[in-house]
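# Structural overview
Listed here are the chains, written in short residue letters.
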Amino acid sequence: MSEAKPDLRIRQLVIVHRHGERSNYLAALDEHLPNTSMVGTLVGGKEGAGWSNRCSQLVEMDGLCGGTVQQFWKKTVLLAKRNRQPLTRLQVQVLDNLNNKSQLDACDLMSGEARSQIDSTSSGCLPGQLTDSGKAGMLAQGRVFEKEYASFLPSVTPSHMLVHSTQYARTLESVQHLLTGMFGPRMPEARVFIRPKLRLFPDWSDGIGCRALRQLLEPFQQLAVSNNTAKMDAIVPVMSALFPNLNHIQNNHPHATILDKGTFAQLNTYFDALVAWDAAGFNLGGKTANDSQTQQQNHMKSHEAMMQLSTVANQLLFHSFRDAGEKDPRVFRLGMGRVLGDICAVMSSRFDSTQVERTVNNSAVAATLQTYVKDLVPDSVAASEPILKDLKLAVFSGHDTTIAPLIASLGAYRGYVAEIWPPFGSHVVFEVVEHVPASLTSKLDSSQQPSIDNHYVRVRYNSDPLKLPFCQGRGSHFSGDPSLCRMDVFLRAVGKLVPEDYDAECK
């Protein structure tokens, strides 16, 4: 935010981002995709090397899977010589327990994919790994933030910062490069808390997810399937022609039972692989094309099918989530309520609990928010470090299934935002702004408790301000700027979506 008005000052930033560009996460599919087996072809016919030289840098995570720190240091030194800038070192710490185990280190939380990356010396990409271009993109985004918030970020130190991430190497590496871009050598290391439970995106998976959420979503997902039958009919033959192993789908296309039979799930897996290959610049022309013209024609067909699949997937996954939540807010509460709770907790940490309770005008909601504040960091850390006393920056490193449902839960998944699947590196930024009239600037007392009454929240998606419907009414926003939502209005509206006992509500 460019502080065009001198009496508006950023006091806090909350950044929620998707990881950067990655390789295809299901390696078994690579042999079915065009020009693979570690030999790819860039669009335009130039020979490439597939994934073999696209993941040459490893994440630096202090203490992760003990005994690997020295290896990380070697990698970091080489990276520093190449980029002339060392990466921010990550100190990874588990925030809460997984599967009721009382003792866990960060290595236990990493997927096999992540542990393989730690021990690997190859520059080839492992499944779902952040690519070098993905790292460069996150680094560049960090530098954009550095310029965009040049008047605020210099005041942020590790003791003013909170970082949460899912347990995937790609999200950890993404936030590592983002922080390096934002702070450079001024932030030599940062602690990252891993949320092992499915907290940063909706737990809507079959069988093991939130049952109540799945039940609320099912009729809206089935409606989305029904509304997209014609598109699916057009997509399946194109995909089957390019990828012969899809013929069984074309021969048994079950129209209204796509979800039940798993057809969409299979096609969505191919869609995800195509997105990864397309982002890497590979030609999608197919293995069977014998000449460049046919290959280019097939590339265009495949790309069009990918875009059509993107539309269908968006409507099935994210539009149905939005529509169901607008019908029954429990969808937002169960889907993204814990994320919203963490965001509100970050903001609430700036004010005393009495102000928060008065603002939300609901003692139960106020108590829940205070619980979320306490859960932001472990007690052992809170007791020794004053992170929550002056929290200025919070970063949540997640996925596409973090970004779109978050925006939908805020009532802003409309227009162009809802038309495009969240790209790699997408981000939602919550700017907490204080209104300090020029006449009062000289009278400010740094020891005085901030007041909710003169604080506002602006939400941006990939830099563009979002219009939050509950902030558009008269008196709900800063005079003359509907994008600046009053803090009390924001906390009241969003606080209602924060679950007090998530597990109980999911049953």
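Note that this is a predicted model, so its numbers are computed, not measured.

## Remarks on the overall build of the protein
A count of helical and extended segments in the protein gives 20 helices and 11 strands. Residue burial in the protein is summarised as follows: out of 507 residues, 55% are buried. Contacts spanning at least 24 positions in sequence make up 79% of the contacts within the protein whose residues lie at least 6 apart. With the model as given, the accessible surface of the protein reaches about 21,500 Å², and the carbon-plus-sulfur share is 51%.

## Structural notes on unusual backbone geometry
Here Asn 361, not a glycine, exhibits a phi torsion of approximately 55°, which is positive. By the element assignment, Asn 361 lies in the loop between α13 (353-360) and α14 (363-375). Positive phi is not limited to glycine here, since Asn 462 has a value of about 45°. Along the chain, Asn 462 falls in the loop between β8 (455-461) and β9 (464-465).

## Regarding the environment of Ala 140
On the secondary structure map, Ala 140 appears in helix α4 (residues 132-148). Look at Ala 140 and you get partly exposed, because its relative accessible area is 39%. Placed 38 residues apart in sequence, Ala 140 and Leu 178 show a C-alpha to C-alpha distance of 7.6 Å.

## Things to note about the packing of helix α12 (residues 330-348) against α14
Where α12 meets α14, the axes come as close as 8 Å, and the angle between the chain directions of the two elements is 85°. In this view, α12 runs roughly perpendicular relative to α14, as classed from their interaxial angle. Mapping the contact onto sequence places Arg 338, Gly 341, Asp 342, Cys 344, Ala 345 and Ser 348 in α12 and Leu 369, Tyr 372 and Val 373 in α14. Taken together, the residues of the contact of α12 with α14 break down into 5 nonpolar, 2 polar and 2 charged.

## Quick word on α4
For α4, built from 17 residues, the straight-helix expectation of 24 Å at 1.5 Å per residue is met to within 8% by its first-to-last C-alpha distance of 24 Å. Within the sequence span of α4, burial applies to Asp 132, Gly 134, Lys 135, Met 138, Leu 139, Gln 141, Gly 142 and Phe 145. Residues of α4 that are buried make contact with β1 (8-18), α5 (169-183) and β7 (427-435).

## Topic: the nonpolar core
Ranked by internal contacts, the top residues of the largest apolar core, which has 91 residues, are Ile 407, Phe 430, Val 459 and Phe 490. Top element by residues in this core is α12. It accounts for 11 residues. Residues contacting Ile 407, with those up to four places away along its chain left out, are Ala 412, Tyr 413, Val 417, Val 428, Tyr 461 and Leu 466. If you look at the next biggest cluster of nonpolar residues, it comprises 31 residues, including Val 163, Leu 172, Leu 178 and Val 395.

## Observations regarding the state of the cysteines
With the rule as written, the count across this model stands at 2 disulfides. For Cys 210, the disulfide goes to Cys 506, at an S-S distance of 2.0 Å. The sign of the -105° torsion about the S-S bond sets the Cys 210-Cys 506 disulfide as left-handed. Residue Cys 210 is located in the loop between β5 (189-194) and α6 (211-227), and its partner Cys 506 is located in helix α20 (residues 502-506); the two are separated by 296 residues in the primary sequence.

## Focus: the pairing of strand β6 (residues 393-398)
Of all 6 residues in β6, 6 are buried, a share of seventy percent or more. On β6, burial covers both faces: Leu 393, Val 395 and Ser 397 on one face and Ala 394, Phe 396 and Gly 398 on the other are all buried. As judged from the 6 bridges shared by β1 and β6, these two strands associate in the parallel manner. Across the sheet, residue Val 14 finds its bridge partner in β6, namely Ala 394.

## Let's talk about the packing of α13 against α14
For the pair α13 and α14, interaxial distance at closest approach is 8 Å and the crossing angle is 140°. Between α13 and α14, the angle is such that the two are oblique. For α13 against α14, the interelement crossing comes out right-handed. Along the contact surface, α13 presents Ser 353, Val 356, Glu 357 and Val 360, while α14 presents Ser 363, Val 365, Ala 366, Leu 369 and Gln 370.

What counts and what doesn't
- Residues numbered from 1 in each chain as written.
- Predicted model: local features only at pLDDT ≥ 70, side-chain atom pairs only at ≥ 80, totals over all residues.
- Heavy atoms only, no water.
- Helix = DSSP H or I, 4+ residues; strand = E, 2+ residues; numbered from the N terminus.
- Buried < 20%, exposed > 50% of the residue type's maximum accessible area, 1.4 Å probe, protein only.
- Contact = heavy atoms within 4.5 Å.
- Areas by Shrake-Rupley, 256 points an atom, 1.4 Å probe, with all protein chains shown as cover.
- Axes fitted to C-alpha atoms, helices over the stretch in contact; angles between N-to-C directions.
- Parallel < 35°, antiparallel > 145°, perpendicular 65-115°, else oblique.
- Nonpolar A, V, L, I, M, F, W, Y, C, P; charged D, E, K, R; others polar.
- Expected span 1.5 Å × (residues − 1).
- Core = buried A, V, L, I, M, F, W, Y, C linked by side-chain atoms within 4.5 Å.
- Disulfide = S-S within 2.5 Å.
- Pairing = 2+ DSSP bridges.
- Left-handed = near helix turned anticlockwise from the far one by under 90°.

The values are spatial; any link to function lies outside them.
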